[in-house]
Amino acid sequence: MAQFHQPYDPYYQLQQPPPQPPPPSDRNGINTLFVSGLPDDVKPREIHNLFRRRPGFDSCQLKYTGRGNQVVAFATFFNHQSAIAALHSLNGVKFDPQTGSTLHIELARTNSRRKRKPGSGAYVVIDKRTKMASNAQETSSDDGGSDSDEAPATEIAASANQGDLGSVKSEAGGEPENAAVTANRQSDKTVEGGGNPCSTLFIANLGPNCTEDELKQSLSQYPGFTMLKMRAKGGMPVAFADFEEVELAKKAMEDLQGTLLPSSDRGGMHIEYARSKMRKS
DNA sequence: AGCACA
């Protein structure tokens, strides 16, 4: 690999967040993660394989919401810290290198009340979609036949987010149908940013306590970053970050997408190209 | 999902 990049700024790990003590109404009791950004052909087994080796993992469920092709998942851990640790190590990971789809992981709003039944599988599927096309759903207990804890060499690297890492999809083994679907997905041109490329980025899903300063700290490690403007809309802050070049903005977006700030309480940043460039002045 | 400044 040509590029070695620190997945996470060591700045955050070496320093305690000084100014704000956590609000008492925090989510310290949450041990379930909410996972979005999944491709619509994701399999429950893939979700399970994604989480099964994280310390403290209990169980997970995959939900095909009836809404479009949206698929979400919930992963439950035995305690809050384990959930947080898994969140940190997997958030922002490229789930499908073919499409560039990236995992967004946040703490769930409420713990999953589904308890893992002894003797049944470690994961569960809920399909709210109009099931007319196929029976491509699995109920549980499909683990590829082995419950070994040994990690294959292609396992997703902890904390990886920018380099090339093993494909999550291929980890579970090659089903022919799966490969066919995957091969079909490479026709999209604009998978990123949700809009036209722009040298200004729009940043959302910031925590209520996010400061301009900490955001600036993160952004200023990327070449071409010029300035930042924050604005609170309806209580939640959003930000606009300007770069010298579209490609530099793109790089920063790809790298920071889904990552957590110290102030984050609801998952990682959502970054898109801004609809219009920041006024130059 | 949420896009301002002139």
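These numbers come from a predicted model, not from an experiment.

As for the overall build of chain A
Here is step 1 of the chain: A tally of helices and strands in chain A yields seven helices and 11 strands.
Here is step 2 of the chain: A burial count over chain A gives 42% of its 281 residues as buried.
Here is step 3 of the chain: The long-range share in chain A, meaning contacts at least 24 apart out of those at least 6 apart in sequence, stands at 70%.
Here is step 4 of the chain: Surface summary for chain A: the accessible area is close to 15,600 Å², and the carbon and sulfur share equals 51%.

Observations concerning the packing of aromatic side chains
Given two aromatic rings, their pairing is described by the distance between the two centres and the angle made by the two planes.
Here is step 1 of the chain: Scanning the model with the defined rule gives six aromatic pairs in all.
Here is step 2 of the chain: Aromatic side chains Phe57 and Phe77 sit 5.8 Å apart centroid to centroid with 80° between the ring planes, which places their arrangement in the edge-to-face category. Placement of Phe57 in strand β2 (residues 57-64) and of Phe77 in strand β3 (residues 71-77) is noted, with a sequence separation of 20 residues between them.
Here is step 3 of the chain: According to the relative accessible area criterion, Phe57 is buried, its value standing at 9%.

What to know about the environment of Gly268
Here is step 1 of the chain: With respect to the element layout, Gly268 can be found in the loop between α7 (246-256) and β11 (270-273).
Here is step 2 of the chain: When its relative accessible area of 4% is taken as the criterion, Gly268 is described as buried.
Here is step 3 of the chain: In this structure the C-alpha to C-alpha distance between Gly268 and Asn205, which are 63 residues apart in sequence, comes to 6.9 Å.
Here is step 4 of the chain: Discounting chain neighbours no more than four positions away, the residues touching Gly268 are Asn91, Ile105, Asn205, Gly258, Thr259 and Leu260.

A word on α7
What sets the pattern is the α-helix's 3.6 residues per turn: residues three or four places apart point alike.
Here is step 1 of the chain: Among the residues of α7, those classed as buried are Ala249, Ala252, Met253, Asp255 and Leu256.
Here is step 2 of the chain: Lining the buried residues of α7 we find β8 (200-204), α6 (212-219), β10 (236-243) and β11.
Here is step 3 of the chain: Just past α7, the residue Gly258 takes up positive phi, approximately 80°.

Remarks on the sheet that holds strand β1 (residues 32-36)
Here is step 1 of the chain: Taken together, the five strands give an open sheet; going across it, the order is β6-β1-β3-β2-β7, and neighbouring strands pair in mixed fashion. For this open sheet the edge positions go to β6 (104-107) and β7 (123-127), each flanked by a neighbour on one side alone. Averaged over all neighbouring strand pairs, the angle between strand axes comes to 20°, with direction disregarded.
Here is step 2 of the chain: Summarising the sheet, β2 and β3 pair through seven bridges and their orientation is antiparallel. When the sheet's bridge partners are listed, Cys60 is paired in β3 with Ala75.
Here is step 3 of the chain: Across the sheet, helix α3 (residues 80-90) is in contact with β1, β3 and β6; its angle to β6 comes to roughly 160°.

What to know about the nonpolar core
Here is step 1 of the chain: Grouped together as the largest cluster of nonpolar side chains are 28 residues, with contacts concentrated most on Leu33, Leu38 and Phe51.
Here is step 2 of the chain: Where this core is concerned, the elements lending two or more residues are β1, α2 (44-51), β2, β3, α3, β6 and β7.
Here is step 3 of the chain: What Phe51 contacts, discounting residues up to four positions off in sequence, is Leu33, Val35, Phe57, Ala75, Phe77, Leu90 and Ile105.
Here is step 4 of the chain: In this structure, Cys198, Leu206, Phe225 and Ile271 belong to the second largest nonpolar core, which totals 21 residues.

Things to note about the confidence of the model for chain A
Here is step 1 of the chain: Per-residue pLDDT for chain A averages 75, and the proportion of residues at 70 or more is 66%.
Here is step 2 of the chain: Across chain A, the element-wise mean pLDDT spans from 37 in helix α5 (residues 176-184) up to 97 in β8.
Here is step 3 of the chain: Throughout residues 4-18 the model reports pLDDT below 50, and contacts reaching past four residues in sequence, or to other chains, amount to 16 contacts.
Here is step 4 of the chain: Note that pLDDT drops below 50 for residues 134-190; the model gives that stretch 91 contacts with residues more than four away or on any other chain.

Points about the protein's contact with DNA strand B
Here is step 1 of the chain: Around DNA strand B there are 18 residues in total, and Arg67, Lys229, Glu272, Ser276 and Arg279 lie nearest to it.
Here is step 2 of the chain: Each atom of DNA strand B within 4 Å of the protein was classed as base or backbone; sugar and phosphate made up 35%.
Here is step 3 of the chain: Measuring from a base oxygen of DNA strand B, one finds a side-chain N or O atom of Lys229 at 3.0 Å.
Here is step 4 of the chain: Contacts to DNA strand B include Arg279, whose backbone N or O atom sits 3.2 Å from a base nitrogen.
Here is step 5 of the chain: Mapped onto the surface near DNA strand B, the elements with two or more residues apiece are β8, β9 (225-233) and β11.
Here is step 6 of the chain: Residues of the surface near DNA strand B, tallied by class, amount to six nonpolar, four polar and eight charged.

Comments concerning the pattern of salt bridges
Here is step 1 of the chain: Per the stated rule, a full pass over the model turns up four salt bridges.
Here is step 2 of the chain: Salt-bridge contacts for Glu106 lead to Arg266; the nearest nitrogen and oxygen are separated by 3.6 Å. Note that Glu106 is positioned in strand β6 and Arg266 in the loop between α7 and β11, a separation of 160 residues in sequence.
Here is step 3 of the chain: Looking at Glu106, the relative accessible area reads 12%, which means it is buried.
Here is step 4 of the chain: Looking at Arg266, the relative accessible area reads 13%, which means it is buried.

Criteria and thresholds
- Residues numbered from 1 in each chain as written.
- Chains lettered and ligands numbered in written order.
- Predicted model: local features only at pLDDT ≥ 70, side-chain atom pairs only at ≥ 80, totals over all residues.
- Heavy atoms only, no water.
- Helix = DSSP H or I, 4+ residues; strand = E, 2+ residues; numbered from the N terminus.
- Buried < 20%, exposed > 50% of the residue type's maximum accessible area, 1.4 Å probe, protein only.
- Contact = heavy atoms within 4.5 Å.
- Areas by Shrake-Rupley, 256 points an atom, 1.4 Å probe, with all protein chains shown as cover.
- Phe/Tyr/Trp six-rings, centres within 6.5 Å; stacked < 30°, edge-to-face > 60°.
- Pairing = 2+ DSSP bridges.
- Axes fitted to C-alpha atoms, helices over the stretch in contact; angles between N-to-C directions.
- Core = buried A, V, L, I, M, F, W, Y, C linked by side-chain atoms within 4.5 Å.
- pLDDT = per-residue confidence, 0-100.
- Near = heavy atom within 4 Å.
- Polar contact = N/O pair within 3.5 Å; in protein donor to acceptor, adjacent residues only side chain to side chain.
- Nonpolar A, V, L, I, M, F, W, Y, C, P; charged D, E, K, R; others polar.
- Salt bridge = Lys/Arg side-chain N within 4 Å of Asp/Glu carboxyl O.

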